[in-house]
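The residues making up each chain are set out below.
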Amino acid sequence: MVQVVNRSDLDGIGMTSRRTRERLVQRLVDQGIADPAVLEVMRATPRHLFLDEAMAHRAYEDVALPIGYQQTLSQPYIVARMTELLLAAGPLARVLEIGTGSGYQTAVLAQLVQEVYSVERIKPLQLKARQRMRRLKLRNVHMSHADGSLGWPERGPFDGILSAAAPQRIPEGLLQQLAPGGRLVIPVGTDAQQLQVVTRTHEGFELDIIEPVNFVPLRPGTER
Ligand code: SAH
C-alpha cells in the first residue's frame, strides 16, 4: 500500500526539481536501499517542507540537518534504511514512532503503513510536525507529547516500532508493546551506537545487529 503525497507540492521550486530528487534516490540505491515502495516514497516526499527556510536549500543532500532544540532531521539514507528494515517482513497496520522531530520519518511511514502513532518529548517540535502532516494531508498520523521510552501503551500492541533516538539499553516497555511477529528498529548505545532490529517470536525475542549509526540520545521526561 503506497499512497504518495500530492505531487503539486513537489513541482515548481528549483531545489525540489525532479533531477535533484532523482539524484538522491539514485544515491539511496547505490547505498543498498532496494525496496521499490520505500524508494518511491523517498522520491515523493518533499523533505524541504520539514526544514526551516534557512536550511531548506540543503534538503536533498544525504545528510542530517538541524531542526532546533539540539535535534536533527535524520539523514535520508538512515530514514530509508530503517523504514526498509521495519517493512521487511511484510505490510504493517499499526506502527509506533519514537521521536517525531520534524515529522519527516513520520510522513514516510504514513505513506507505507495503515496507522502511525508518533511520540515526541519536545512540544514545539511536535506542533510544527503536526502542521506539516496537515499540509501534506496525511490523516493516518496520531501524535502524542510524551516520553516515548514508555511507548504508547494505550494504543499498542504495534506491528512495528521505530525509534529515532538512542537509549543505552532497549526499554522493556517497548518490547512488551510489540505484537507477535512485530519488529522494533532502534539505535542502541552512547558513544558507539548500533542499529538493532528486535523481532518478537512465539519463543521470545530475536536480535539482529545491523550497522553502526549516530543518533541523538533518547532522553527522559518531556519539555514544553
Ligand atoms: N525522525 C526525526 C528525528 C528527530 S531527532 C526527523 O527526521 O526529524 C530525534 C527526536 O527524538 C528528537 O526530536 C527528540 O526530541 C526526540 N526524543 C528524544 N528522546 C525522546 C523520548 N524519550 N520520547 C520522545 N521523543 C524523544
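Everything in this summary refers to the structure shown in the same document. All figures in this text were calculated on a predicted structure; none of them were measured in a lab.

Regarding empty space enclosed by the protein
Item 1. Applying the stated rule across the entire model yields one cavity of 30 Å³ or more.
Item 2. Space inside the largest cavity adds up to approximately 60 Å³.
Item 3. Lining the largest cavity are F50, L51, D52, P66, I67, G101, S102, L125, K128 and R132.
Item 4. At the level of secondary structure, the elements contributing two or more residues to the lining of the largest cavity comprise strand 1 (65-68) and helix 6 (123-135).
Item 5. In terms of residues, the lining of the largest cavity owes the most to one element, helix 6, which gives three residues.
Item 6. Its residues assigned to classes, the lining of the largest cavity shows five nonpolar, two polar and three charged.

A word on the site of the ligand
Item 1. For the ligand, the set of nearby residues contains 24 residues, the closest of which are S102, E120, D147, G148 and R219.
Item 2. Here a nitrogen atom of the ligand and a backbone polar atom of R121 are 3.4 Å apart.
Item 3. Of all the secondary structure elements, the ones that give two or more residues to the shell around the ligand are strand 2 (71-73) and strand 4 (115-120).
Item 4. Take the shell around the ligand: its biggest share by element is three residues, from strand 2.
Item 5. Split by residue class, the shell around the ligand holds ten nonpolar, ten polar and four charged.

Describing the layout of surface pockets
Item 1. In this structure, the largest pocket encloses a volume near 550 Å³.
Item 2. Lining the largest pocket are 37 residues, and of these T72, A164, A165, F215 and V216 lie nearest its centre.
Item 3. Classifying every residue of the lining of the largest pocket gives 19 nonpolar, twelve polar and six charged.

Quick look at the pairing of strand 4
Within a regular beta strand, the side chains point alternately toward one face of the sheet and then the other, so they alternate between its two faces.
Item 1. Counting buried residues in strand 4 gives five out of six residues, a clear majority hidden from the surface.
Item 2. One ladder, built from five bridges, connects strand 3 (residues 94-98) with strand 4; its direction is parallel. Within strand 4, the residue paired with L96 across the bridge is Y117.
Item 3. As for the winding sense of the linkage, the β-α-β connection from strand 3 through helix 5 (residues 104-110) to strand 4 is right-handed.

Thresholds, definitions, all that
- Residues numbered from 1 in each chain as written.
- Predicted model: local features only at pLDDT ≥ 70, side-chain atom pairs only at ≥ 80, totals over all residues.
- Heavy atoms only, no water.
- 1 Å grid on protein atoms, 1.4 Å probe; cavity = no way out; pocket = protein on both sides within 12 Å on 5 of 7 lines; lining within 4 Å.
- Points joined across faces, edges and corners; volume = space filled by probe spheres on them.
- Helix = DSSP H or I, 4+ residues; strand = E, 2+ residues; numbered from the N terminus.
- Nonpolar A, V, L, I, M, F, W, Y, C, P; charged D, E, K, R; others polar.
- Near = heavy atom within 4 Å.
- Polar contact = N/O pair within 3.5 Å; in protein donor to acceptor, adjacent residues only side chain to side chain.
- Buried < 20%, exposed > 50% of the residue type's maximum accessible area, 1.4 Å probe, protein only.
- Pairing = 2+ DSSP bridges.
- Right-handed = clockwise from strand over helix to strand, strands pointing away.

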